[in-house]
Amino acid sequence: MLTMNPTLSAQARKPRYVMVSSEVRRDLEQPLEHFQRLEVHHLYNRTPWNDLRPEDFGPRSHRFGSPLTLFAQLCQIKPDIIQGPEPFSALMFPSLCAVFLYLLLNPQTKLVTASLEAIPLERKYPFFLVWPFRIVLPFWFRRAAIIFYLEGGAKANLEKYGAPQERLVHHLYGSWGVDQREFSPEGPKVSYTKPWPVILNVGRMVPLKGAHILIEAYKKLRDQGLEAILALVGDGPERANLEAQARSTGYGQDIVFHGTVKHADLADYLRGADIFVMPSISGKIWTQQLSSATWHAMACGLPVVVTDIGRMAEFTPPEAGLLVPERDPEALAEALARLLRDPELLRRMSEGALNYARERFNDAKNIRRVEEMILERSGWTHQRGRYE
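Residues numbered from 1 in each chain as written. Predicted model: local features only at pLDDT ≥ 70, side-chain atom pairs only at ≥ 80, totals over all residues. Heavy atoms only, no water.

So, about a nonpolar patch on the surface. Judged by side-chain polarity, Phe127, Phe128, Leu129, Trp131 and Ile135 come together as a nonpolar surface patch covering roughly 550 Å² of accessible area. Along the chain, Ile135 falls in helix α6 (residues 127–143). (Patch = residues over 30% accessible without salt bridge, like charges linked within 9 Å, V, L, I, M, F, W, Y side chains within 5 Å. Areas by Shrake-Rupley, 256 points an atom, 1.4 Å probe, with all protein chains shown as cover. Salt bridge = Lys/Arg side-chain N within 4 Å of Asp/Glu carboxyl O. Helix = DSSP H or I, 4+ residues; strand = E, 2+ residues; numbered from the N terminus.)

Spelled out as structure tokens, the structure:
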């Protein structure tokens, strides 16, 4: 009888990598196919964005309903490496504790953690919610083999709560980038009834996303005699108010509400536009740290006009777009008018946005680098031997 050497078997297999997420969107789920050296299991809690089709879920992804269910799934999978949930989320803190319990019971399992939260906990939550973080997070970060952060505000938060400096890595993680096979300037596009430039916004229709500011800026453009179509993709509780505002401008016939669009169909809408706008505004406990919709627009060759909030400036170089103050329809209208009046500037920024997206937001390339760092920092290659 042939028997397999257990040491060789351990060396040959891929390490099991469990990713724990609060929620999932298609642009976060689909790129996981690029992991080649890790056996990925994605455990998520919610799917709130209505942008996923049934075929977008792979066999690697499973929903967990409670921290107890999450713990049971970890016991069943027996991961070699776990990526825990966002460490600065009160909603996910019980799930973080479930992961931490599993790690305490399985000391050989490595921990990866990542954060994109830049708002200090003391600003987001009352004291009685903050003190458990103060107790748990220093131990959590010391347990981590590698700690990813997406931008400078998140780094400051991590350092404040005891993340060891030598384990911090600045890299896109979770928000992986853009599938540039789907999102590019070439391909089918949505068309409009008038041959005018199209200004596009994509986002949930809630006050903090700032679509009301954009509609006000659009009216100012039209009052100046500039011709353009305003197209809005998305839905939400503010839609009826926004539609009423659009009608009140006197240009409602040129403001198009597309409603919810699946992520798989979004590229057609981006290719049908000329300028992308992200007019978000800051709230007490939320700000637009980054915008994956903006990254997708750049990948389709759209120059972007975005509000200078959160860390948006880190992801909007001057060759790719314009930054404007938040809550300022006059400044937004001026930036849009600048692009509409100068076709050569529009062309240069379109080219700059495309080049920047191809370099920085290539999801396959970003994931390959993440995989290398996880394997190196976890010690898998050195401890378990080489494998393919």
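Read on, since the account is not over.
Before going further, it helps to examine the nonpolar core. Side chains of a nonpolar character, in soluble globular proteins, are inclined to be buried together. Core analysis: the largest hydrophobic core is formed by 58 residues, its most contacted members being Tyr17, Phe148, Tyr173, Leu270, Phe276, Phe361 and Ile374. Other than its neighbours up to four places away in sequence, Ile374 contacts Tyr17, Leu38, Ile81, Val112, Phe148 and Tyr173. Counting residues in each nonpolar core, the second largest holds 35 residues, with Ile77, Phe93, Val99 and Leu111 among its members. (Core = buried A, V, L, I, M, F, W, Y, C linked by side-chain atoms within 4.5 Å. Buried < 20%, exposed > 50% of the residue type's maximum accessible area, 1.4 Å probe, protein only. Contact = heavy atoms within 4.5 Å.)

What follows deals with the sheet that holds strand β9 (residues 229–233). Whether parallel or antiparallel, the strands of a sheet pair through hydrogen bonds between backbone atoms. Sheet architecture is open: six strands sit in the order β10-β9-β8-β11-β12-β13, paired in parallel fashion. Lying at the two open borders of the sheet, with one neighbouring strand each, are β10 (255–259) and β13 (321–324). Sheet twist, expressed as the mean angle between neighbouring strand axes with direction ignored, is 20°. Relative to strand β11 (residues 275–278), strand β8 (residues 198–202) runs parallel, the two being bridged by two bridges. Residue pairing for β11: Leu200 is matched across the bridge by Phe276. Sheet strands touched by helix α12 (residues 329–341): β8, β11, β12 (304–307) and β13. Its angle to β13, the strand with the most contacts, is close to 160°. (Pairing = 2+ DSSP bridges. Axes fitted to C-alpha atoms, helices over the stretch in contact; angles between N-to-C directions.)

The next point concerns the packing of aromatic side chains. Per the stated rule, a full pass over the model turns up 14 aromatic pairs. The interplanar angle of 40° and the centroid separation of 6.3 Å between the aromatic rings of Tyr17 and Phe35 together place this pair among those described as tilted. On the criterion of sequence distance, the pair formed by Tyr17 in strand β1 (residues 16–23) and Phe35 in the loop between α2 (26–29) and β2 (39–46) is long-range, its members being 18 residues apart. For Phe35, a relative accessible area of 6% gives the class buried. A network of ring pairs unites the aromatic residues Tyr17, Phe35, Phe148, Tyr173 and Trp176 as a single cluster. (Phe/Tyr/Trp six-rings, centres within 6.5 Å; stacked < 30°, edge-to-face > 60°.)

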